[in-house]
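So the chains spell out like this:
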Amino acid sequence: MRDPLGRNITYLRLSVTELCNLRCRYCMPAEGVEKRRHEDMLTEEETVLAVKAAASLGIEKVRLTGGEPLVKKNILSIAEKVAAVPGIRELCLTTNGIRLPQLAKSLRAAGVRRVNVSLDTLDPAKYAHITRIGDLSDALRGLEAALSAGFEKVKINAVLLGGFNDDEIPALAGLTRRWPVDVRFIELMPMGGDLTQGAFVPGDVVLETLPELEKLPEDGPVARLYTLPGALGQVGIISPLSCQFCDRCDRIRLTADGRIKPCLHQRAEYPLKGLDEAGMRRQFEAAILHKPPWHGELSYAAPSQAGRTMDRIGG
Ligand code: SAM
Ligand code: SF4
């Protein structure tokens, strides 16, 4: 379905849980999120019904996210059912990778085609710091499990954090020479969390650090794409702040508590909990018809108006 600006909305980012086994400083409070009442969250049946309603309006691609989607007990069953919804052509997953060694093969068999693994640093002490409780070796084992499970594409997402990992841009981009992975650098978005304004660095710092990057003829929907000479994968730069892509936005989000968000950075939500498929379809239609033209001013002086932190939206 097209929104009033003519943008064809084909992509649903589906959060299956607000919970997480890490506590990344830019995403979550130190104490984690308060566990919500079971009855306030979408059930597996409602989640699948919501995807059916969305697919009937032209959603073709679904990304499972969270919180950490792989801490959800029934994630394999959700993946299998979502992949089987008529009209859904592509099921993807964004994960911190910690549980991939146990789950990668089953996720592939359930119908997940592409996986993004979040990895901001290759330094064990820095990884422990930024995730507050994580162990880098678990994330790297997860990445290797993803690479050997036969997914069509594996990408690494690194949030650019000034004074923290900007010195690792060459090492992170260099992973595209070691493995057939794409590495994407993402600008830090002001969503709450305990990082200060000083941590923001614009995506262009990647180009300044790596002048040998060669521009690819075509960009992705949200990423500017490059490659290092001789690399097996691409390097992407995603710049929601310094180089906005709202005019090409093709996505909506559904939170784990069943609220459609037409825009990540705006407060508007369309609840689905308790509705039947027809009611859900009406809410998706309303959300797409009211998708704002852009996410509004976004900077540390004018932080996101999302009304929730990333873990509670589904990044
Ligand atoms: N737990 C999974 C993971 O970390 O990949 C999925 C959910 S997480 C919210 C999805 C993505 O959002 C991650 O790549 C994370 O780095 C990114 N993210 C979280 N907070 C962010 C922020 N304030 N700015 C930019 N990216 C952020
Ligand atoms: Fe958890 Fe992902 Fe947020 Fe990190 S970015 S705290 S792994 S949801």
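Rules behind the numbers
- Residues numbered from 1 in each chain as written.
- Chains lettered and ligands numbered in written order.
- Predicted model: local features only at pLDDT ≥ 70, side-chain atom pairs only at ≥ 80, totals over all residues.
- Heavy atoms only, no water.
- Near = heavy atom within 4 Å.
- Polar contact = N/O pair within 3.5 Å; in protein donor to acceptor, adjacent residues only side chain to side chain.
- Areas by Shrake-Rupley, 256 points an atom, 1.4 Å probe, with all protein chains shown as cover.
- Nonpolar A, V, L, I, M, F, W, Y, C, P; charged D, E, K, R; others polar.
- Pairing = 2+ DSSP bridges.
- Helix = DSSP H or I, 4+ residues; strand = E, 2+ residues; numbered from the N terminus.
- Buried < 20%, exposed > 50% of the residue type's maximum accessible area, 1.4 Å probe, protein only.
- Contact = heavy atoms within 4.5 Å.
- Arc of directions from axis to C-beta.

*Asks:* I'm lost on the site of ligand 1 in this one. Help?
*Replies:* By nearness alone, 18 residues border ligand 1, and Gly67, Glu68, Thr94, Ser118 and Met189 come closest of all. Between a nitrogen atom of ligand 1 and a side-chain N or O atom of glutamate 68, the distance comes to 3.1 Å. Within the backbone of methionine 189, one N or O atom sits 2.9 Å away from a nitrogen atom of ligand 1. Notes on ligand 1: free accessible area 550 Å², of which the protein chains cover 95%. For the shell around ligand 1, a count of residues per class yields seven nonpolar, nine polar and two charged.

*Asks:* Looking at this model, I keep getting lost on the sheet that holds strand β1 (residues 11-15). Mind explaining?
*Replies:* Within a beta sheet, neighbouring strands are joined by backbone hydrogen bonds and run either parallel or antiparallel to one another. In spatial order, the strands read β7-β8-β9-β6-β5-β4-β3-β2-β1-β10-β11-β12; together these 12 strands make up an open sheet with mixed pairing. The open sheet has two edge strands, β7 (214-215) and β12 (270-271), and neither has a second partner. Bridge count between strand β6 (residues 182-187) and strand β9 (residues 235-238): four bridges; the pairing is parallel. What sits directly across from arginine 184, in β9, is glycine 236.

*Asks:* Can you help me understand the environment of methionine 1 in this one?
*Replies:* Assignment of secondary structure puts methionine 1 in the segment before β1. Overall, the relative accessible area of 22% leaves methionine 1 in the partly exposed class. A C-alpha to C-alpha distance of 5.5 Å links methionine 1 and leucine 57, two positions 56 residues apart in sequence. Not counting the four nearest positions on each side in its chain, methionine 1 is found in contact with Arg7, Asn8, Ile9, Leu57, Gly58, Glu285, Ile288 and Leu289.

*Asks:* I'm lost on helix α4 (residues 124-131) in this one. Help?
*Replies:* Residues spaced three or four apart along an α-helix face the same direction, because each turn holds 3.6 residues. Within α4, the full set of buried residues consists of Lys126, Tyr127, Ile130 and Thr131. On an axial view of α4, the arc spanned by its buried residues comes to 115 degrees, and they lie on one face. Along α4, exposed side chains directed more than 90 degrees from the buried face belong to Pro124 and Ala125. In this structure, the buried residues of α4 make contact with α5 (136-148). Of the residues that open α4, the one with a side-chain oxygen 2.8 Å from the backbone nitrogen of alanine 125 is aspartate 123. Just past α4, the residue arginine 132 takes up positive phi, approximately 65 degrees.

*Asks:* For this particular structure, what's the right way to read the pairing of β6?
*Replies:* Each regular strand displays side chains that alternate between the two surfaces of the sheet. Most of β6 is tucked away, with six of its six residues classed as buried. Burial along β6 is two-sided: Asp182, Arg184 and Ile186 and Val183, Phe185 and Glu187, pointing in opposite directions, are all buried. Across six bridges, strand β5 (residues 153-160) lies against β6 in parallel orientation. Its bridge partner lying in β6, isoleucine 156 is registered against valine 183.

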